[in-house]
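Fold and geometry: a report
Next come the chains, spelled out residue by residue.
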Amino acid sequence: MQRVALVVRRADRGRGRYRWLLVVPAALVLALAARVVSTDPVGYGVAFWPFADGGDRAELRAVDRVTSIARVSRPAAVPSAVAAEGVEVLASRVGADDVWLRVRLRVPDGTRCREVTVLGDGVQVNSRRVDC
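Let me begin by describing the structure that accompanies this report. Computed from a predicted model, the values in this text were never measured in an experiment.

In this section: the state of the cysteines. Applying the stated criterion across every chain yields a total of 1 disulfide. Shown here is the disulfide that connects C113 with C132, its sulfur atoms set 2.1 Å apart. Sign of the S-S torsion, about 110° for the bond between C113 and C132, identifies this disulfide as right-handed. Separated by 19 residues along the polypeptide, C113 in strand β3 (residues 110–119) and C132 in the segment after β4 (124–130) bring together distant segments of the chain. Accessibility expressed as a relative area gives 0% for C113, which makes it buried. Residue classification places C132 among the exposed residues on the basis of a relative accessible area of 57%.

What follows is the structure, encoded as structure tokens:
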């Protein structure tokens, strides 16, 4: 006599049961990092979509010009070289081997201001967005 039986396979839920304990915190950390980066995408070096818009990309081009000038000029000549390039220098402080600048950049969205610090004869150039 032939016997036929219906076999239903149950999914093994033990492996994926706690996967959400890894996925949810990772998604929250990623969302927080994206929020922080979107506050100043030029300063963090990620001036591309979805973090940056057209104004941020124009600001990045202007900051790159300022950075290239700071790397080739001696520290005392940086403020005048930046001003000659069309970037408005609001304030500057020149030390023995460092320069601090507050510059105003014209972008399609309006104007933005940045503080630029040049340390060690152009070796290290840092900038951050500030209020005008």
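Tracing the sequence through the fold places E115 in strand β3. Note on E115: relative accessible area 12%, which makes it buried. A distance of 2.8 Å separates polar atoms of two side chains, one belonging to E115 and the other to R102.

Moving on: the sheet that holds β3. On the basis of which strands lie adjacent, the open sheet formed by 4 strands has the order β1-β2-β3-β4 and antiparallel pairing. Two strands lie at the open edges of the sheet, namely β1 (88–94) and β4, each paired on one side alone. Direction aside, neighbouring strands of the sheet carry axes that sit 20° apart on average. Most of the contacts of helix α3 (residues 54–72) go to β3, to which it runs at about 30°, and overall it touches β2 (98–107), β3 and β4.

Taken together, the 10 bridges between β2 and β3 define a ladder with antiparallel strand orientation. By the bridge assignment for β3, L101 is matched with V116. Hairpin connection between β2 and β3: a loop of 2 residues separates the two successive antiparallel strands.

Conventions adopted
- Residues numbered from 1 in each chain as written.
- Predicted model: local features only at pLDDT ≥ 70, side-chain atom pairs only at ≥ 80, totals over all residues.
- Heavy atoms only, no water.
- Disulfide = S-S within 2.5 Å.
- Helix = DSSP H or I, 4+ residues; strand = E, 2+ residues; numbered from the N terminus.
- Buried < 20%, exposed > 50% of the residue type's maximum accessible area, 1.4 Å probe, protein only.
- Polar contact = N/O pair within 3.5 Å; in protein donor to acceptor, adjacent residues only side chain to side chain.
- Pairing = 2+ DSSP bridges.
- Axes fitted to C-alpha atoms, helices over the stretch in contact; angles between N-to-C directions.
- Contact = heavy atoms within 4.5 Å.

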